Amino acid sequence: MRMITINDIAKEAGVSAGTVDRVLHNRGGVSKKTAEKINAIIKKRNFKTNKIASSLALNKKLKIATLIPRHDEENTFWKAPLLGTQNAQENVEKFGITINNFSFDQFDATSYIDAFDALIASNPDGVIIAPIFTKETTQITKTLENKNIPYLFINVDLEGFNNLSFIGQDAFKGGFLAGKLMHLCFKENCSVLIIHTRLNAENHYAISERIHGFNDYFINNRISINSTIANIIDLKNTKQLKEKLNKILSDNPSINGIYVPSSRISTIANCIPSITSKKLALIGFDSTDQNIECLTEDKVSFLISQKPFDQGYKSVIIMSDYLIEKKVPEQKIYSPIEILTKENINFN
């Protein structure tokens, strides 16, 4: 069966091949009526552009830059999306696309800006951002927009920006699910310790939305809950962490659940057995190696996962499609909201 060509589309639409090419690549200069007619034929014929030919026609190498937090042995979450981008590079390098990764300290806004300065100096054609810091992201995206560099967000769904797309979990719904799971643990008499692991939580959209969703579950269902908020920023000082948790639990003996709206639930869980004999329900996010170990050892009740590897992989593919074919992605591409337990973790 012969492949459909641009000339075939042009002949059927009664236009020139150049007009079809302008529609395919969103170059403008075509009336709305004609563009709709061409797009209808393209859809009917299931026409696919040749990415390699399209990239060669651009007559340049394309560079995609990523701005993702660095990972370490204590928190491996960000290793997964990074591996996703690296895996995707193997699929897009044949189109003349290279991926440059820039990392920053997820607890340091200055590091975020410094990494972006290095990124922008590399003259990227497209940028993939994990927009951890809301205020600083406003500054970063203004620079990108002034330079007409397209960008998309992964993991954190900030509103009010001109990003091509967002790829990641619905943070509010993830928090809402965490509230439901906590309620199922006790049915009634819920007394929960919510642990903030970041300074200025309001500048961390995903974290604040997970807390918002958690609280909304109880509000919407008119369920009484007693919440205690603890700001624990230094997670590396284990002795100090144990002392602080011990004081909170001693001062609030009714607490029967702990909610950590980040990937650091294992750090908290590993300090609990040494300071209390009471059985607590612990709920957190992300299937890092440390979190999974705590889940299998019954230190954590539930984890809510989101397939971060896929976020990194898809972001590169989507940006590549946009740069080569001007293919506009969906505004939001949501990751699964998966409940992980001791019983199903080996099948995830």
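Structure: see above.
Keep in mind that what you see is a predicted model, and the values were worked out from it rather than measured. (Residues numbered from 1 in each chain as written. Predicted model: local features only at pLDDT ≥ 70, side-chain atom pairs only at ≥ 80, totals over all residues. Heavy atoms only, no water.)

Draft legend 1. Here's a closer look at helix H13 (residues 308-325). Between its terminal C-alpha atoms H13 stretches 26 Å, which fits the 26 Å expected from 18 residues at 1.5 Å a residue. Where burial is concerned, most of H13 is hidden: 13 out of the 18 residues are buried. Two residues or fewer past H13, Lys326 is found with a positive phi of approximately 55°. (Helix = DSSP H or I, 4+ residues; strand = E, 2+ residues; numbered from the N terminus. Expected span 1.5 Å × (residues − 1). Buried < 20%, exposed > 50% of the residue type's maximum accessible area, 1.4 Å probe, protein only.)

Draft legend 2. Representation of the sheet that holds strand E6 (residues 190-196) within the structure. Pairing in this open sheet of six strands is mixed, and the strands run E7-E6-E8-E9-E10-E12 from one edge to the other. Among the strands making up the open sheet, the edge pair consists of strand E7 (225-231) and strand E12 (338-340). The sheet shows a mean angle of 20° between the axes of neighbouring strands, direction not considered. As paired strands, E6 and E7 are joined by seven bridges and run parallel to one another. Bridging across to E7, Leu193 finds its partner in Thr228. (Pairing = 2+ DSSP bridges. Axes fitted to C-alpha atoms, helices over the stretch in contact; angles between N-to-C directions.)

Draft legend 3. Structural detail: the packing of helix H5 (residues 79-92) against H13. Two elements in contact, H5 and H13, have axes whose closest approach is 6 Å; the angle formed by their N-to-C orientations is 35°. With respect to the hand of their crossing, H5 and H13 are arranged in right-handed fashion. On H13, the residues that touch Ala80, Pro81, Leu83, Gly84, Thr85, Asn87, Ala88, Asn91 and Val92 of H5 are Pro308, Phe309, Gly312, Tyr313, Ser315, Val316, Ile317 and Ser320. Residue classes in the contact of H5 with H13 are distributed as ten nonpolar, seven polar and no charged. (Left-handed = near helix turned anticlockwise from the far one by under 90°. Contact = heavy atoms within 4.5 Å. Nonpolar A, V, L, I, M, F, W, Y, C, P; charged D, E, K, R; others polar.)

Draft legend 4. Highlighting helix H8 (residues 171-186). The end-to-end C-alpha distance of H8 is 23 Å, a good match for the 22 Å that 16 residues give at a rise of 1.5 Å each. Buried residues of H8: Ala171, Gly174, Gly175, Leu177, Ala178, Gly179, Leu181, Met182 and His183, and no others. Considering only its buried residues, H8 is in contact with E6, helix H9 (205-220), strand E8 (257-259), strand E9 (281-285), strand E10 (302-305) and E12. Phi for Lys187, located one or two positions after H8, is positive at around 65°.

Draft legend 5. Quick peek at the sheet that holds strand E4 (residues 151-154). Across the sheet, which stays open at both edges, the six strands sit in the order E2-E1-E3-E4-E5-E11 with parallel pairing between neighbours. Sheet topology places strand E2 (97-104) and strand E11 (332-334) at the edges, where each strand pairs with a single neighbour. Strand-to-strand, the axes of this sheet are offset by a mean angle of 15°, without reference to chain direction. Bridging between strand E1 (residues 62-69) and strand E3 (residues 126-129) involves four bridges; their strand directions are parallel. Looking at the pairing, Leu67 lines up with Ile129 of E3. Packed on one face of the sheet, helix H7 (residues 134-146) meets E1, E3 and E4 and runs near 150° to E4.

Draft legend 6. Focus on the nonpolar core. Counting 48 residues, the largest nonpolar core has Leu67, Ile97, Ile129, Ile140, Leu144 and Leu152 as the members making the most contacts within it. Leave out the neighbours within four places in its chain, and Leu144 touches Phe116, Ile120, Val127, Ile129, Ile149 and Tyr151. Leu235, Ile248, Ile255 and Ile265 belong to the second largest nonpolar core, which has 25 residues in total. (Core = buried A, V, L, I, M, F, W, Y, C linked by side-chain atoms within 4.5 Å.)

Draft legend 7. Layout of the pattern of salt bridges. One pass over the structure, following the stated rule, counts seven salt bridges. Lys332 is the partner of Asp157 in a salt bridge, and the nearest nitrogen-oxygen pair spans 2.9 Å. Within this pair, whereas Asp157 is found in the loop between E4 and strand E5 (166-168), its partner Lys332 is found in strand E11, the two being separated by 175 residues in sequence. As a salt-bridge pair, Lys247 and Asp251 come within 2.7 Å of each other at their nearest N and O atoms. Highlighted residues: Lys247 and Asp251, both in helix H10 (residues 238-251), separated by four residues, approximately one helical turn. The class of Lys247 is exposed, set by a relative accessible area of 53%. Through salt bridges with shared partners, a single ionic network connects Asp157, Glu159 and Lys332. (Salt bridge = Lys/Arg side-chain N within 4 Å of Asp/Glu carboxyl O.)

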